[in-house]
Structures are given as structure tokens and as C-alpha cells.
Amino acid sequence: PVLLGCGSAQPGGCPALCECSEPAKTVKCVNRNLTAVPPDLPPYVRSLFITGNPLTDLPAGAFPAQRLPDLTSLNLSGNHLRTVEAGSLALPALRQLDLSGNALVSFSPQAFGEGGSPLEELALRGALRNHGVLLSLAALLQSGALRNLSRLELADNGLLLLPAGMFTALPALRQLDLSNNSLVGLRNVSFQGLGQLQSLNLSNNSLGVLWNSTLAQFHSLPALQHIVLGHNTWVCDCAIEDLVAWLKESDQVEGKEALTCASPDKMLGKALLKINGSDLNCSVPIDLPSQLQTSYVFLGIVLALIGAIFLLVLYLNRKGIKKWMHNIRDACRDHMEGYHYRYEINADPRLTNLSSNSDV
């Protein structure tokens, strides 16, 4: 039974390698060396724990909906899962799913079946290290199959950037955890449509600044009251002025007094809330694209002015230039006639001898 990954059912309908409690509607298959989901799970189960096993694949029908109509909570964390196939999680009562701590490589956008899923909580902590899996998850979320999702945990995944529009089809989302990643920016991330969002955790990332477009989205979300921004690498230059102003006015950020600058060196450790205009020296706004555009316009005007002056000089000296051109033409003509005369002498032997005798 150990080699097969599941054993024969014990009295009461519990798999041999699992612990079951019918009164609590719970089945636990923890650290049992399972390589496949036990096929004889009791139909009364509502909470199922299959954790700490060398389980690598979830094939279609791994949890038969007909046999497990009441399965509400499924914990598959800490296994060796790599693939989640289409239809493997198509459970009619599933509300909570934990896939944390798995090295996922393939996650089918149809994992929850063709129709929508009642899933409300999804934990993927440390399970999205593969970029292809992140894109598959984004496609799943954008498809609207998880419109009932209220809690999404994507922490500890080393994420640098998030796919555009990843959260736009999650109108019921209340808690979003993006902590302990490597996010460098949120410019392509849209929080529009998350009218129920209450908590957003962005701590322990690599955020250097939050731009006006992102701050405006935060301000427009009526239920968003808890934003965590601690332990990010804030760059305290002129670009951070909008963030500082927003922090001073907003009550949405938890622990904002502890936010400090990570660079430049002269601002290292300074609290963001204590930054003022004189610290940043932003009296003259720096807009590199505008400066370049102005420089190109100025260069064009200078070149046009030089060209106009050159044409004016030519016009004023047109008679002298014409005389000079005629002189050059006459000189070239005389020179060419001399060459032509010498060519005729050299081409005629009689003239050549005459020329030689004349020289003598």
C-alpha cells in the first residue's frame, strides 16, 4: 500500500494511510509518502489535508465531484506538486484551497472545470516560482472562473512584475497578499473593479516609488483601509514627492511612520513622513523627455537661421560669385585646350619630330 501511495479502506471507509474523523468531517493524510490521491476517500469529508507527501501530479478527476459533494476545504501544501491538470479541482462545494509550498510548473486555466467555481480562498505561497505558471494563473483569474474569490495569497514567490489586468475579474476580492516578493513597480497593475478590497499587503518587496496612477487607484477603492508598505527600497528623489504627500494625507497605510528611505545615501534612513521639498531640491521640475524635445526644437531653429544667413550671403554676392565662376570656367577651358594641343602633337609622328628638332 505504501508503494501505491494509497491503501485499502479501513472500517468506516477511511484510507489505510490516513486519519479520519466522521463527526468532524475531516480526513488527514499527512507525511504518509503518498504518490497519488487516495481513491477511497469517504464521501462525508468536508476538510481534507494531504500534505508533506511526494505527490507530483493532480490529474483530471483526482477528486471526483460525485463522490466528494461536500468537500469544502482542501489543503495540498508542502507536497511536490508540479502539474495541476484541467478538471482536477472541479468540486461543487470547494471554498478553500491551499497549494502553498509546491514547485508548480503547469497550472491549467481549466483546473476548476469549464464553469465557474465557488472558491473563496486561494493560497499559493511559494508555489509560483515558474513564470509560465504565473501566466497560467493570470489567465485563470481573468477568465472569471473565480469571481467568488475573496482572499488571494501570492506571497514568497519572487515576483518581479505582475501580468497586466491580472485582478480585473475578481469583484469579490477582499484580501490580497503580495508580500515577500521582488516587485519593482505597480504601473501595469490595475486595481480597478476591486470595490470590495479591504487589505493589500505589499511589504518586503523592492518598490522604489508609487506613481500617481497607482495612488489614485488606492484612493478610489472605498473599502481599502489596510495597506502594508513596510520594508521596501524607497528611492527618495523628486519622483517620491507624490507618494510622500499621499502618505501625509491618507489613513490607509499601516505603520507609515516606520517607512524610511533606502537611497540616495544622503537620505538613507530618513522617515518618508519627514521629507519636505528642501530635502529633495525639486524647485525646478526635471522632465527629461521635455528637455530633449526643447533641445531638438532649439537645434532646428539654429540650423534654419544658419541656412537663411548662408542663402542671404549668396544672394548679396551673386554678381561676384558669377564672375568668379566664369573665371574658373575660362581657366579650366584654357588648361584643357593646352592638354588637347599636346595630345595632338604626340599623336602625329611628323609633328613630334618637328617639335623635337625645334627644341634642339
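None of the values given here were measured: they were computed from a predicted structure.

What follows deals with the overall build of the protein chain. Within the protein chain, the regular secondary structure consists of seven helices and 18 strands. Across the 360 residues in the protein chain, those meeting the buried criterion constitute 38%. Counting contacts in the protein chain only where the partners sit at least 6 residues apart, residues at least 24 apart contribute 58% of the total. A total accessible area of about 19,700 Å² is found for the protein chain, and carbon and sulfur atoms account for 57% of it.

Let us now look at the sheet that holds strand 8 (residues 83-84). Spatial ordering of the open sheet is given by 6-8-10, a layout of three strands whose pairing is parallel. Each end of this open sheet is capped by a strand with a single partner; those strands are strand 6 (57-58) and strand 10 (106-107). Here two bridges tie strand 6 to strand 8, and the two strands are oriented parallel to one another. The residue bridging Asp 57 from the neighbouring strand is Thr 83, located in strand 8.

The final tally for this structure, using the stated rule, is three disulfides. With a sulfur-sulfur separation of 1.9 Å, Cys 18 is cross-linked through a disulfide to Cys 29. Between Cys 18 and Cys 29 the sulfur-sulfur dihedral comes to about 105°; the bridge is accordingly right-handed. A residue pair is termed long-range when its members are at least 10 positions apart, and Cys 18 in the loop between strand 2 (14-15) and strand 3 (19-21) and Cys 29 in strand 4 (residues 26-30) qualify at eleven residues. The two residues Cys 18 and Cys 29 agree in class, both being buried. What pairs with Cys 236 in a disulfide is Cys 261, and their sulfur atoms sit 1.9 Å apart. Its torsion about the S-S bond being -95°, the disulfide of Cys 236 and Cys 261 is classed as left-handed. Linking Cys 236 in the loop between strand 16 (234-235) and helix 3 (241-249) with Cys 261 in strand 18 (residues 261-263), this pair joins segments that are 25 residues apart in sequence.

Each turn of an α-helix holds 3.6 residues, which means side chains three or four residues apart point in the same direction. What helix 3 keeps buried is the set Leu 243, Val 244, Trp 246 and Leu 247. For helix 3, the angular spread of the buried residues around the axis is 165°, confining them to a single face.

Looking now at the packing of aromatic side chains. Within a pair of aromatic rings, the relevant descriptors are the distance that separates the centres and the angle that separates the planes. Here the structure, examined in full by the defined rule, presents three aromatic pairs. Judged by centre distance (5.9 Å) and plane angle (40°), the rings of Phe 218 and Trp 246 are tilted. With Phe 218 in helix 2 (residues 212-220) and Trp 246 in helix 3, the pair connects residues that are 28 residues apart, well separated along the chain. Here Phe 218 falls in the buried class, since its relative accessible area comes to 0%. It is Lys 28 that lies over the ring of Phe 49; its NZ or CZ is 5.7 Å from the centre. Here the basic side chain of Arg 187 rests over the ring of Trp 211, its NZ or CZ set 4.2 Å away from the ring centre.

Here the focus is the confidence of the model for the protein chain. On average, residues of the protein chain score 88 in pLDDT, and 88% of them reach the 70 mark or higher. Low pLDDT (under 50) marks residues 1-11, which in the prediction has 28 contacts with non-local residues, meaning those over four places away or in another chain.

Look at any regular strand and the pattern is simple: side chains alternate between the two faces of the sheet. Taken together, the five bridges between strand 4 and strand 5 (residues 47-51) define a ladder with parallel strand orientation. Paired with Cys 29 across the two strands is Ile 50, which belongs to strand 5. Sheet topology places strand 5 next to strand 7 (residues 73-75); three bridges connect them, and they run parallel. Along strand 7, the bridge assignment pairs Ser 47 with Ser 73.

A separate point is the UniProt feature "transmembrane region" (unreviewed entry) in the protein chain. In the numbering adopted here, UniProt assigns the feature "transmembrane region" (unreviewed entry) to residues 296-316. Within residues 296-316, the helical portion is 100% and the strand portion 0%, while the C-alpha atoms at the span's ends are 31 Å from each other.

Note that Asn 205 resides in the loop between strand 14 (199-201) and helix 2. Engagement of the side chain of Asn 205 in a polar contact is seen with the backbone nitrogen of Asn 181, the distance being 3.3 Å.

All right, on to a nonpolar patch on the surface then. A surface patch of nonpolar side chains, amounting to about 690 Å² of accessible area, comprises Phe 310, Leu 311, Leu 314, Ile 321, Trp 324, Met 325 and Ile 328. Of all the secondary structure elements, the ones that give two or more residues to the nonpolar patch are helix 5 (288-316) and helix 6 (318-347). No other element matches helix 6, which puts four residues into the nonpolar patch. If you trace the backbone, Ile 328 turns up in helix 6. Judged by its relative accessible area of 34%, Ile 328 is partly exposed.

Parameters at a glance
- Residues numbered from 1 in each chain as written.
- Predicted model: local features only at pLDDT ≥ 70, side-chain atom pairs only at ≥ 80, totals over all residues.
- Heavy atoms only, no water.
- Helix = DSSP H or I, 4+ residues; strand = E, 2+ residues; numbered from the N terminus.
- Buried < 20%, exposed > 50% of the residue type's maximum accessible area, 1.4 Å probe, protein only.
- Contact = heavy atoms within 4.5 Å.
- Areas by Shrake-Rupley, 256 points an atom, 1.4 Å probe, with all protein chains shown as cover.
- Pairing = 2+ DSSP bridges.
- Disulfide = S-S within 2.5 Å.
- Arc of directions from axis to C-beta.
- Phe/Tyr/Trp six-rings, centres within 6.5 Å; stacked < 30°, edge-to-face > 60°.
- Lys NZ or Arg CZ within 6 Å of the ring centre and 35° of its normal.
- pLDDT = per-residue confidence, 0-100.
- UniProt positions renumbered as here; feature names shortened; annotations may be inferred.
- Polar contact = N/O pair within 3.5 Å; in protein donor to acceptor, adjacent residues only side chain to side chain.
- Patch = residues over 30% accessible without salt bridge, like charges linked within 9 Å, V, L, I, M, F, W, Y side chains within 5 Å.
- Salt bridge = Lys/Arg side-chain N within 4 Å of Asp/Glu carboxyl O.

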